[in-house]
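Read off the chains here:
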Amino acid sequence: MAAAPSNPTHDATLRTLPPLVLSTRRVLIRRRCCPEPAAPPPLSGEYSSRLLGESKEATKLRKMPKKGSKKTKEVEEVAEQQENKLPDYLELQRTRVVCKADAPIHTQGFQYSGAFAAMGVDNSVSVEKFCKNFKIEINRLTEDDMEFDMIGIDASIANAFRRILIAEVPTMAIEKVFMVDNTSVIADEVLSHRLGLIPLNADPRLFDYISENDVPNERNTIVYKLHVSCGKGSQRITVKSGELEWLPEGSQLSTTSPAQAGDTQKTFTSFSQSQKEISDKPLGVKFNDITIARLGPGQAIELEAHAVKGVGKVHAKWSPVATAWYRMLPEVVFLKDVEDDDADELKKKCPVNVFDIEELGNGVKRAVAARPRACTLCRECVMGPTGEKIELRRVRDHFIFTIESTGAMPPEVLFTEAVKILEEKCERVISELS
């Protein structure tokens, strides 16, 4: 390409211009001939953050919603749930007792409140947690016994209820026996002991405790009379508990001998009113068919028995329950499927019929835990070829509680009284500490 011809006049004019004007003119010519490239559009999103050198964590923080908004609360709740979750093996140790073929493991709980503090899990005990998790579900309730589930409670509290039911809920029982005549083969002491173990149909909440210095009255003593004889030449007879007669007016035995007796006889009790005015129902025995003694021809029993209020820790005759016990809820977990012949063998092996057979089609059978609640922890299923496929567990905070009443009070009333006694104990401790 040929060069453009120069203009002498123009060149001469340029040489005469000052240096500042010449430099300015050169800049203007350069901008006009070579324009600067246009600025690129602004970048957005995560890509722009990475180009600017921003880390992923900083980008997430920048994108988080403002504090106090609804979305912020949802994000915080999800993050807290993820942080406060233990690994599966630790959660298993914390909430379950695993029963191996030789012995159970993980039997000791985590009592320390900061046991999992490094993982963000609060293991402390609080009233709010207790009220949120504690539940009672009644499974069976009859006149004499009940079964219910206590969920979300520690074994120490469940055991406290059991001990209170056995030893500290009061009842009425025969304490003193005044023998008038006893020609049976049973000694007086043995006969008195048998009478003390007979359950009485009397509500102990209507009566007061009696001390050594108190006078027996209608508020602290119930009087019964027994007078049975077998005539000569007759067959042997059986003396039942139904022969005990309630005396609502008090004792009929005189404390003085006939020679010293005056116009009025002094008895062993001092009733100011009839006990029929205190109780709406007769204060007899709960069961009328309990055998007391056997009498032969010419033998007789005559006595007067006084029942008072007491607790089981003084004597077992005052215990209101035949038994009160609990067990942790069993769980049967299949680590692997038990199929075909092994499934049939597993079902036959269980003595309480926990397992059942499920048909999968094409002649394939599989064992399932149909009734895990019935498991008695005999551990037959974890022995033999199926031992590696099944794991027995117990839920640490779920207890199956059973109460069998002797008949003095209904089982649901007994548990309510046990709760009241535990509450009184807690209040006593708090008052002493304060």
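Quick look at the structure, then.

Conventions used here
- Residues numbered from 1 in each chain as written.
- Predicted model: local features only at pLDDT ≥ 70, side-chain atom pairs only at ≥ 80, totals over all residues.
- Heavy atoms only, no water.
- Helix = DSSP H or I, 4+ residues; strand = E, 2+ residues; numbered from the N terminus.
- Buried < 20%, exposed > 50% of the residue type's maximum accessible area, 1.4 Å probe, protein only.
- Areas by Shrake-Rupley, 256 points an atom, 1.4 Å probe, with all protein chains shown as cover.
- Contact = heavy atoms within 4.5 Å.
- Patch = residues over 30% accessible without salt bridge, like charges linked within 9 Å, V, L, I, M, F, W, Y side chains within 5 Å.
- Salt bridge = Lys/Arg side-chain N within 4 Å of Asp/Glu carboxyl O.
- Lys, Arg positive; Asp, Glu negative; His and termini not counted.
- Charge placed at Lys NZ, Arg CZ, Asp CG, Glu CD.
- Pairing = 2+ DSSP bridges.
- Core = buried A, V, L, I, M, F, W, Y, C linked by side-chain atoms within 4.5 Å.
- Axes fitted to C-alpha atoms, helices over the stretch in contact; angles between N-to-C directions.
- Parallel < 35°, antiparallel > 145°, perpendicular 65-115°, else oblique.
- Nonpolar A, V, L, I, M, F, W, Y, C, P; charged D, E, K, R; others polar.
- Expected span 1.5 Å × (residues − 1).

Considerations on the overall build of the protein chain
Along the backbone of the protein chain there are 11 helices and 14 strands. Taking all 434 residues of the protein chain together, the buried fraction comes to 32%. Surface exposure of the protein chain reaches about 27700 Å², of which carbon and sulfur atoms provide 53%.

Here we look at the side chain of Ser319
You can see Ser319 is positioned in the loop between strand 10 (300–310) and strand 11 (321–334). If we skip the residues at most four places from it in the chain, Ser319 touches Leu165, Ile166, Thr171, Gly312 and Thr406.

Side note on a negative patch on the surface
There is a patch of like negative charges on the surface, built from Asp337, Glu339, Asp340, Asp341 and Glu345. With respect to the element layout, Glu345 can be found in helix 10 (residues 340–349). Overall, Glu345 belongs to the partly exposed group, its relative accessible area being 37%.

Overview of the sheet that holds strand 10
One open sheet accounts for four strands, arranged 5-10-6-8; its pairing is antiparallel. Two strands close off the open sheet at either side, each with one partner strand: strand 5 (171–182) and strand 8 (245–246).

Some remarks on the pairing of strand 6 (residues 222–229)
Across eight bridges, the pairing between strand 6 and strand 10 is antiparallel. Counted as the bridge partner of Val228 is Ile301 from strand 10. Sheet analysis places strand 6 next to strand 8, joined by two bridges and oriented antiparallel. Bridge pairing in strand 8 links Lys225 to Glu245.

Digging into the nonpolar core
Within the largest apolar cluster, 26 residues are counted, with the highest numbers of intra-cluster contacts made by Leu195, Ile222, Tyr224 and Leu244. For this core, the elements supplying multiple residues, two or more each, are strand 5, helix 9 (188–196), strand 6, strand 9 (291–295) and strand 10. Setting aside residues no more than four positions away along its own chain, Tyr224 makes contact with Leu200, Leu244, Glu245, Trp246, Leu283, Gly284, Leu303, Glu304, Ala305 and Ala307.

Regarding the packing of helix 8 (residues 155–167) against helix 11 (residues 411–433)
At a minimum axis distance of 9 Å, the contact between helix 8 and helix 11 shows a crossing angle of 110 degrees. With respect to helix 11, the element helix 8 is oriented roughly perpendicular. On the side of helix 8, the interface is formed by Phe161, Ile164 and Leu165, while helix 11 contributes Leu414, Phe415, Ala418, Val419, Ile421 and Leu422. Looking at side-chain class alone, the contact of helix 8 with helix 11 contains nine nonpolar, no polar and no charged residues.

Things to note about the environment of Phe148
By the secondary structure assignment, Phe148 is in strand 4 (residues 145–151). As a C-alpha pair, Phe148 and Ile403 span 255 residues in sequence and 8.9 Å in three-dimensional space. When residues no more than four places from it in sequence are discounted, the contact partners of Phe148 are Ile136, Glu137, Ile138, Asn139, Phe399, Ile400, Phe401, Ile403 and Phe415.

Quick look at a nonpolar patch on the surface
Taken together, Ile136, Ile138 and Leu141 make up a surface patch of nonpolar side chains, about 270 Å² in accessible area. Its location among the elements puts Ile136 in strand 3 (residues 135–141).

Observations concerning helix 8
Along its 13 residues, helix 8 runs 18 Å from first to last C-alpha, staying within 8% of the 18 Å computed at 1.5 Å per residue. Where helix 8 is concerned, the buried positions are Ala158, Phe161, Ile164, Leu165 and Ala167. Looking at the buried residues of helix 8, the elements they touch are strand 4, strand 11, strand 14 (390–405) and helix 11.

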